[in-house]
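Below are the chains, spelled out letter by letter.
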Amino acid sequence: MSISPYDSYRPPEEPRRRRRRKNRAPGGGAFRRGGGDGSREVAMVPEPEFTSYYGRPIVKAPPWDSKIATYLFLGGLSGGSAILALGGYLTDRPTMRRNARLAALTAAGLGGIALVADLGRPERFLHMMRTFKPTSPMSMGSWVLASFSTNAGVAAAVEVDRVTGERLPLGPLRPVLHALELPTSVAAGLLGAPMATYTAMLLSDTSVPTWHEMHGHLAFVFASSASLASGGLVMLTTPVEETGPARFFAIAGVAGELTAMHVMKNAMDPVTVEPLEQGKPGEWLEWSERLSVVGGLGALLGGRRRWVAVLSGAALVASSALTRFGVFWAGKESVKDPKYTVIPQRNRLNKRRAAGITDDSITTGPR
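- Identification of the protein chain as Nitrite reductase from Kocuria varians is taken from an unreviewed UniProt entry.
- Its UniProt record gives the protein chain a comment under Subcellular location (unreviewed entry), which states: "Cell membrane".

Pasting the structure below:
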């Protein structure tokens, strides 16, 4: 055997010890005899420990922070408010219509600021609108946000012109603005539902474990959350004589959110539900449920009293905000532990094999 000059730098090797041959099961796992009579065998294979390279997460989390969580809440609030504004217009409730229109534009504007702040530079939002891709939730969301904000802005401008006694320096544009009131109000109302729910598609389309498991259900949670938030805000800002539709909207949102959240958790892998029930996200979602129940009962039983309507409306708005923040940060937490990525994948693989699906690349890999 040839020896390299560099072998002299190697530390001396310890003498190899001869290993004792252990009893092994047919599958290759090591066992030892258990019990005095030797009738049972106890597995010596340790429980699997889910780790990743260098302690880094398996899935890279999106670089989003509380600004995006705020945008999720404001987007739902603005979309629901536009729907209520259209209802107020069609049922001749001028105060409710005005407050809902202003709320829709304000929430959309603040949400847009939060979104641009997260992007870092305003022109990045314009770059997102260079293409129209129906298969991309982000592309479609950009167009929904821009179209919704434009129509909601025109409808709100009409209200501002009325409140100021038509003193805005519009000149010959005033008749045009008022002529656009109905079509823009209808357009904003129709775009309200996509505005409130497209962010659910955006989250569930990622590889973040908990968000991905919410696919197909999160949109119903966000739609209900937007309903109770916008209904609560109108109850908070509008005389009770005109808040009948808002109370109904809020109560329907409470019932829908509680049901949708329960159905969604049952449909998810039990492991990926853990971030929704633990830590800060779990606390926020617990308080969200409590506040929604309190606000819904207040709207149902005492919504005709002004002070009850104010307290109930505030509870509903806070509940919606906690729902969005809880869902957002639960997804961020699920990226940190590799088990939230590995275990659901194995469970899905076993389900496919149990169903007899073994002819694709997903199920033909090593077991």
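**Some details on the packing of aromatic side chains**
Two descriptors summarise a pair of aromatic rings, namely the distance from one centre to the other and the angle between the planes of the rings.
Here is step 1 of the chain: Taken as a whole, this structure holds three aromatic pairs when the rule is applied.
Here is step 2 of the chain: Aromatic pair Trp64 and Trp211: ring centres 6.1 Å apart, planes at 25 degrees, arrangement stacked. A residue pair is termed long-range when its members are at least 10 positions apart, and Trp64 in the loop between strand S2 (40-43) and helix H1 (66-90) and Trp211 in helix H7 (residues 209-213) qualify at 147 residues.
Here is step 3 of the chain: Owing to a relative accessible area of 0%, Trp211 belongs among the buried residues under this scheme.
Here is step 4 of the chain: Linked through ring pairs, Trp64, Trp211, Phe328 and Trp329 together constitute an aromatic cluster.
Here is step 5 of the chain: Residue placement shows Arg290 over the ring face of Trp287; its charged tip is 4.8 Å from the ring centre.

**Here's the deal with the UniProt feature "transmembrane region" (unreviewed entry) in the protein chain**
Here is step 1 of the chain: Within this structure's numbering, the places UniProt gives as "transmembrane region" (unreviewed entry) are residues 68-90 and 102-120.
Here is step 2 of the chain: A helix fraction of 100% and a strand fraction of 0% characterise residues 68-90, whose end C-alpha atoms lie 33 Å from each other.
Here is step 3 of the chain: For residues 102-120, the end-to-end C-alpha separation is 27 Å, with 95% helix and 0% strand making up the annotated structure.

**Topic: the side chain of Ser334**
Here is step 1 of the chain: By secondary structure assignment, the location of Ser334 is in helix H12 (residues 306-334).
Here is step 2 of the chain: Note on Ser334: relative accessible area 0%, which makes it buried.
Here is step 3 of the chain: When near neighbours in sequence (up to four residues on either side) are disregarded, Ser334 contacts Val208, Pro209, Thr210, Pro275 and Tyr340.

**What about the nonpolar core?**
Here is step 1 of the chain: Counting residues in each nonpolar core, the largest one holds 39 residues, and the members touching the most others are Phe148, Leu203, Trp211, Met214, Leu218 and Val327.
Here is step 2 of the chain: Those elements that provide at least two residues to this core are H1, helix H2 (94-119), helix H4 (137-163), helix H6 (181-204), helix H8 (218-237), helix H9 (244-267), helix H10 (270-277) and H12.
Here is step 3 of the chain: A per-element tally of this core places H6 first, with six residues.
Here is step 4 of the chain: Dropping the residues within four chain positions of it, Phe148 is found in contact with Ser78, Gly79, Ala82, Ala104, Ala108, Ala188, Leu191, Gly192 and Met195.
Here is step 5 of the chain: One finds Leu84, Ala100, Phe249 and Val254 within the second-largest nonpolar core, a separate group that totals 15 residues.

**A closer look at the side chain of Ser204**
Here is step 1 of the chain: Along the chain, Ser204 turns up in helix H6.
Here is step 2 of the chain: You can call Ser204 buried: its relative accessible area is 5%.
Here is step 3 of the chain: Here the side chain of Ser204 touches Ala200 through a polar contact of 2.9 Å, landing on its backbone oxygen.
Here is step 4 of the chain: Residues contacting Ser204, with those up to four places away along its chain left out, are Trp211, His212, Met214 and His215.

Cut-offs used in this document
- Residues numbered from 1 in each chain as written.
- Predicted model: local features only at pLDDT ≥ 70, side-chain atom pairs only at ≥ 80, totals over all residues.
- Heavy atoms only, no water.
- UniProt positions renumbered as here; feature names shortened; annotations may be inferred.
- Phe/Tyr/Trp six-rings, centres within 6.5 Å; stacked < 30°, edge-to-face > 60°.
- Helix = DSSP H or I, 4+ residues; strand = E, 2+ residues; numbered from the N terminus.
- Buried < 20%, exposed > 50% of the residue type's maximum accessible area, 1.4 Å probe, protein only.
- Lys NZ or Arg CZ within 6 Å of the ring centre and 35° of its normal.
- Contact = heavy atoms within 4.5 Å.
- Core = buried A, V, L, I, M, F, W, Y, C linked by side-chain atoms within 4.5 Å.
- Polar contact = N/O pair within 3.5 Å; in protein donor to acceptor, adjacent residues only side chain to side chain.

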